[in-house]
Amino acid sequence: MKRLLSLLISLVAYLTPISAQEFIINPWGADELICYSVNKTSEGFSVVYNKEQGLSFSEGERIQKIGESENGYYYIFCHEGKYYAAQRQELKFSNNNPDDMENPLSEKIQARGSLLGKFYGSNSAITIIILLTLTGAIISLGYITLKISLLRPIFLVFIPCAILAVSLIQIVGYIKFSTDIFWWCEYDRYGFFGSLWRVIPFMAVVAAQLYSIKVYEIGLFNGDETGKKISVKPAFISLAICIPVLLVTIFALAGMGIQGFWLETIGFIAFVGSLSIGLLLTLKRNAKSFGAINGLWATIFTIIYSLGCIMSGIGLIMLIFQIIFQILVVVGAFFILAFAIPRRRYVKDGRVYEEY
């Protein structure tokens, strides 16, 4: 009897279908996602990586995962009797799944489906950065060029705050999503020239950040401090090296077997020391040149300005590797083929000769 009962339990467990994992289409920068066609064979699933043979699915549409591609980057699902593959990072784990079902998506992909992910995965972040830049330009034009004195306090506060806001948007985006925040100029999505065209607004923002120190100097000193410039270099160097100094110190101490309290203390001292030396030197120089109040304003602006330039520089480097590198690969392949293909071929004495 016990053996029969065990057999029945095993049979029921075998016949009971395993709950499939449900996902929601969640593409960045688009209202739909193109999913590749999939062929099912006796050996398993085979993804056809051709967008023309694929099918578009709207944002928010739910799919049931029944398998994965060989590389694990795509989840396979069935739709109207046919199989398709959706890119894993363009999906969101559905709330309809059982509470005890584990989410297979990485933390980075899960973050793409959060409110912060919506902010960076739509035009919101780009729009805010461009609006801040344009507003700063209008205020600067009104105060410096049109001489509207009532705009002075707005100018002094808004310009640093705008640069700080842009820097924070970039920093948070890099930390949470890395190069995914540049979805709006992806080479695979828009091609080289399409991507390059979309980079122009970002390049304009970077140019505005770099030039903002000249504008702020004019507005801060009302043109009375001719020949004097805001001290930038010490603060810029400190902000650029404080993190590398911290990392080198930690690795060096760990290599010497120092751990715990002394590692944290010495690391903290190295970080604060490398950061504060440049900032204090900048404050001293600005206060000496422009007085205590204007010198303090200039130093605050310098810190924000340097941070913005560093983050924009990192962003440009990422874009260079993401876009420009692609065209260099194409050009390099062209030259390789050009040198590899024989320039001249002729037959002499029954033999074929090739000149390169």
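Look above for the structure.
Each chain has its residues counted from 1, running along the sequence as written. Totals for whole chains, interfaces and linings use every residue, but because this is a predicted model, local features are given only for residues with pLDDT of at least 70 and side-chain atom pairs only at 80 or more, for both listing and counting. Working from all heavy atoms in the structure, the side-chain values ignore hydrogens and water.

Chemist: What is the right way to look at the pairing of strand β7 (residues 82–87) in this model?
Modeler: Consecutive residues of a regular strand have side chains that alternate between opposite faces of the sheet. Relative to β7, strand β2 (residues 32–41) is paired through 3 bridges, and the arrangement is antiparallel. The residue bridging S37 from the neighbouring strand is Y84, located in β7. A pair of strands is considered paired only if DSSP assigns at least 2 bridges between the two. Helix and strand definitions here come from DSSP, where helices need a minimum of 4 consecutive H or I residues and strands a minimum of 2 consecutive E residues; each element is numbered from the N-terminal end. Counted between consecutive antiparallel strands, the loop separating strand β6 (residues 74–79) from β7 contains 2 residues, among which E80 sits at a positive phi close to 50°.

Chemist: Help me understand the layout of surface pockets, please; the structure alone is not making it clear to me.
Modeler: It is the rolling of a water-molecule-sized probe over the atoms that shows where space remains empty. The volume enclosed by the largest pocket comes to roughly 900 Å³. Every definition here rests on a 1 Å grid over the protein atoms only: cavities are sets of points where a 1.4 Å probe fits but cannot get out, pockets are open sets enclosed by protein on both sides within 12 Å along at least five of seven lines, and lining residues have some atom within 4 Å of a point. Taken together, 28 residues make up the lining of the largest pocket; nearest its centre are Q87, Q89, E90, E186 and D188. For the lining of the largest pocket, the elements supplying multiple residues, two or more each, are β2, α2 (107–112), α6 (187–221) and α9 (292–340). Grid points are joined across faces, edges and corners, and a volume is the space filled by probe spheres set on the points.

Chemist: I keep staring at the pattern of salt bridges and nothing clicks. Help me out?
Modeler: A side chain of one charge can pair with a side chain of the opposite charge if their charged atoms are brought near each other. Any carboxyl oxygen of Asp or Glu within 4 Å of a side-chain nitrogen of Lys or Arg constitutes a salt bridge here. Counting across every chain of the model gives 6 salt bridges. Here E68 ties to K65 by a salt bridge, and the two come within 2.8 Å at their closest N and O atoms. Note on exposure labels: buried denotes an accessible area under 20% of the residue type's maximum, exposed denotes more than 50%, and partly exposed covers the range between, all computed with a 1.4 Å probe on protein chains only. By relative accessible area, E68 is classed as partly exposed at 40%. A salt bridge links E90 to R112; the nearest nitrogen and oxygen atoms lie 3.2 Å apart. Residue E90 is found in the loop between β7 and β8 (91–93), and its partner R112 is found in helix α2; the two are separated by 22 residues along the sequence. Taken together, the salt bridges that share partners define one network made up of E90, K108, R112 and D180.

Chemist: What should I look at first to understand the packing of helix α7 (residues 233–255) against helix α8 (residues 260–290) in this one?
Modeler: Axes are the key here: two packed helices are described by the angle between their axes and the distance separating the axes. Comment: axis = line fitted to C-alpha atoms, over the contacting stretch for helices; angle = value between 0 and 180 degrees taken between N-to-C directions. Between α7 and α8, whose axes approach to 8 Å, the crossing angle comes to 165°. In terms of axis orientation, α7 runs roughly antiparallel to α8. As α7 packs across α8, the resulting crossing turns out to be right-handed. Residues of the contact of α7 with α8, tallied by class, amount to 18 nonpolar, 6 polar and 1 charged. The scheme is simple: roughly parallel for angles under 35 degrees, roughly antiparallel for over 145, roughly perpendicular for 65 to 115, oblique for anything else. Left-handed describes a crossing whose near helix is turned anticlockwise from the far helix by less than a right angle; the clockwise case is right-handed. Three residue categories are used. Nonpolar comprises Ala, Val, Leu, Ile, Met, Phe, Trp, Tyr, Cys and Pro, charged comprises Asp, Glu, Lys and Arg, and polar comprises the others, including Gly.

Chemist: It is not clear to me how α6 should be interpreted in this structure. Could you clarify?
Modeler: An α-helix turns once every 3.6 residues. As a result, residues three or four positions apart point the same way. To estimate how far a helix should extend, the number of its residues minus one is multiplied by 1.5 Å. Its 35 residues give α6 an end-to-end C-alpha distance of only 45 Å, which falls more than 12% under 51 Å, the value for a rise of 1.5 Å per residue. Values of bend correspond, residue by residue, to the angle between axes fitted over the seven residues ending at that residue and the seven starting there. In α6, a bend of some 80° at F193 exceeds every other bend along the element.

Chemist: So what exactly am I meant to see when it comes to the packing of aromatic side chains here?
Modeler: Two aromatic rings, drawn from Phe, Tyr or Trp (for Trp, its six-membered ring), form a pair once their centres lie within 6.5 Å of each other, and the interplanar angle then sorts them: stacked below 30 degrees, edge-to-face above 60, tilted otherwise. Tallied over the full model, the rule gives 19 aromatic pairs. Between the aromatic rings of F119 and Y120, the centroid separation amounts to 5.1 Å while the plane-to-plane angle is 85°, which identifies the pairing as edge-to-face. The class for F119 is partly exposed, based on a relative accessible area of 22%. By relative accessible area, which is 6% here, Y120 ends up buried. Ring centres 5.3 Å apart and planes at 35° place the aromatic pair Y143 and F155 in the tilted group. Pair noted here: Y143 is in helix α4 (residues 124–145) and F155 is in helix α5 (residues 152–177), with a separation of 12 residues, a long-range link.

Chemist: What is the right way to look at α5 in this model?
Modeler: Taking 1.5 Å of rise per residue, the 26 residues of α5 would be expected to cover 38 Å, and the 37 Å separating its terminal C-alpha atoms lies within 8% of that figure. Once α5 ends, the next one or two residues include S178, with phi positive near 55°.

Chemist: Before we go on, may I ask you to explain the nonpolar core in this structure?
Modeler: Soluble globular proteins tend to bury their nonpolar side chains together. Nonpolar cores were defined as sets of buried Ala, Val, Leu, Ile, Met, Phe, Trp, Tyr and Cys residues, with membership established by side-chain atoms within 4.5 Å. By size, the foremost hydrophobic cluster in this structure holds 22 residues, and its most contacted members are Y120, F177, I181, F182, W184, C185 and L319. With 5 residues, α5 is the largest single contributor of residues to this core. Grouped together as the second largest cluster of nonpolar side chains are 20 residues, I144, F155, Y216 and Y305 included.

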